[in-house]
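Report on the structure
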Amino acid sequence: MVLMSKVRTRFAPSPTGFMHVGNLRTGLFAWLVARHADGKFILRLEDTDKNREVVGSADHILKCLETLGIDTDEGLDKGGPFAPYKQSSRLDIYKRWAQKLIDSGRAYADPYTPEEVQEFRNQAKNKKQAFLFRNHRPENPPSWDGTTPLRFKSDPKSYNWHDEVMGDLSSGPEVIDDFIIIKSDGYPTYNFAHIVDDAEMQISHVIRGQEFISSQPNYMNLYEALELVPPIFATMPHILNEHGNKKLGKRDGAKDVLNYIQEGYLPETLLSFIATLGWNDGTEQEIFTQKELIEKFSLSRVQKSGARFDEKRLLWMNGQFIRELPLSDLYQRVGAFWPESAKNSTDDYRMQVLSLAQDRLKTLSDLAILTNYFFVDTEPNLLLISGNKQLKKIKPAEQVQLLETTKARLSQIKEWKAADIQDCLNNLLMETDQKPGTLFSLIRIATTWAPFSPQLNDTMGLIGRDVCLRRIDQAIELIDKT
Ligand code: GLU
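Residues numbered from 1 in each chain as written. Predicted model: local features only at pLDDT ≥ 70, side-chain atom pairs only at ≥ 80, totals over all residues. Heavy atoms only, no water.

To continue, consider the pattern of salt bridges. As enumerated under the stated definition, the model contains 32 salt bridges in all. For Asp 198, the salt bridge is made with Arg 10, and the minimal N-O distance between the two is 3.0 Å. Residue Asp 198 is found in helix H5 (residues 190–200), and its partner Arg 10 is found in strand E1 (residues 8–11); the two are separated by 188 residues along the sequence. Both residues of the pair, Asp 198 and Arg 10, count as buried. We note a salt bridge from Lys 343 to Glu 340, for which the minimum N-O separation is 3.2 Å. Residues joined in a network through salt bridges with shared partners are Arg 10, Arg 44, Glu 46, Arg 90, Arg 96, Asp 197, Asp 198 and Glu 200. (Salt bridge = Lys/Arg side-chain N within 4 Å of Asp/Glu carboxyl O. Helix = DSSP H or I, 4+ residues; strand = E, 2+ residues; numbered from the N terminus. Buried < 20%, exposed > 50% of the residue type's maximum accessible area, 1.4 Å probe, protein only.)

A separate point is the site of the ligand. Surrounding the ligand, one finds Arg 10, Ala 12, Pro 13, Ser 14, Glu 46, Tyr 190, Arg 208 and Phe 212. Backbone polar atom of Ala 12 to a nitrogen atom of the ligand: 2.8 Å apart, as the coordinates give it. Measuring from an oxygen atom of the ligand, one finds a side-chain N or O atom of Tyr 190 at 2.4 Å. In isolation the ligand has 300 Å² of accessible area, and contact with the protein removes 80% of it. Each residue belonging to the shell around the ligand can be placed in one class, and the counts come to four nonpolar, one polar and three charged. (Near = heavy atom within 4 Å. Polar contact = N/O pair within 3.5 Å; in protein donor to acceptor, adjacent residues only side chain to side chain. Areas by Shrake-Rupley, 256 points an atom, 1.4 Å probe, with all protein chains shown as cover. Nonpolar A, V, L, I, M, F, W, Y, C, P; charged D, E, K, R; others polar.)

Before going further, it helps to spend a moment on the packing of helix H8 (residues 267–275) against helix H10 (residues 311–324). Closest axis-to-axis distance for the H8/H10 pair is 9 Å, and the angle between their directions is 135°. Classified by the angle between their axes, H8 and H10 sit oblique to one another. As H8 packs across H10, the resulting crossing turns out to be right-handed. Within the contact between the two elements, H8 uses Glu 268, Thr 269, Leu 270, Ser 272 and Phe 273 and H10 uses Arg 313, Leu 314, Met 317, Asn 318 and Phe 321. Split into classes, the residues belonging to the contact of H8 with H10 amount to five nonpolar, three polar and two charged. (Axes fitted to C-alpha atoms, helices over the stretch in contact; angles between N-to-C directions. Parallel < 35°, antiparallel > 145°, perpendicular 65-115°, else oblique. Left-handed = near helix turned anticlockwise from the far one by under 90°. Contact = heavy atoms within 4.5 Å.)

Shown next as structure tokens:
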């Protein structure tokens, strides 16, 4: 028998243009709660603040979700039984619910101009009191004609409630106030619209950021006035900068999620990284596949305290994910990241290059720098020699001598393959009485002009004997001139 699941979570972003890792975490956690419980995940666009709206944001949100494999069951992209899923197309619904409040005496037309409200605020400040709109409720409010704000008439009282992450919380009547539910432009406020929508869309869990927790008592008050049973609440901890001492901001490097993809981060890395911003499974495990996340995720293991956003950890994690990918899969993904010079080479050759580079890639965009010399002679950079701790101890004439000997021995290798090249390199160490850190660095630099490369023998094996010998010749010539 299939049991109908009642878990329905939603991601309710506002189309304000930028989707950083923190924004997306709320969506990811809501999705994981739904998928873990075999429930439904709904995407709702909260576009009632027309001043903050950025064109193209809705598509951007959809693209972010799609890229990370966060699929929806209902919503903006799919439609569904509670369509439309875009708040600006639901104005009649909010009016209907607002009318209920007007009819029961729990909403009134706000007769004041913004200047008058400001004056009330100033008065409270001068008296060193907290400003409460309800102290200024008009005695005989005009009937609401839609041209002024409509306010909720609150019923101040204390609340105790449970938050799945923050635990048992409470508040006193002093924080309850009359807030605007419909603005004078006809759009509802977030404070009203999300409650109406969550009820209409039968949302079971409201999972959102900490910035809303101080308004929670007012939301409780509104649930009561609307005779609604509140959903389950789960408040996400803040995301902090890498030092863990303040909320993450754009200045701390919080980029748009799609920027990370463009820079060569894998979607599975971002998923695992974002999921572990404030959640763990109770073990030391740091890296999770999508399947593992769905299996293991629970709100009870989301931490209360802020989660540190550490880009170094993200980079490390990406390297781990890249390393785990089957070569053919990685090959499919690196298409746009090859250096220009790789354009005319064969799939087979590129695949061999990739298999050598795979373990060293931290992001896919490292590929260009890391592999250019497999395809083309790169610009010699003598600083690599003069700046090398070991090599700078050796005079240029001696460097030339070492390269000459290397060239001679490499020419004698019968079959140009990695194992034989390694034997030759080992013999060269004995013959020249040098340390690997010195001799191999010199050979690496002369054949690649790169500060590091995959295993030297593998690298030279793939570059080919002729090219290696030619590059060594060029290096000798260059060093000779110094
Ligand atoms: N539209 C709100 C935001 O983007 C959503 C808050 C919520 O999930 O209820 O912050």
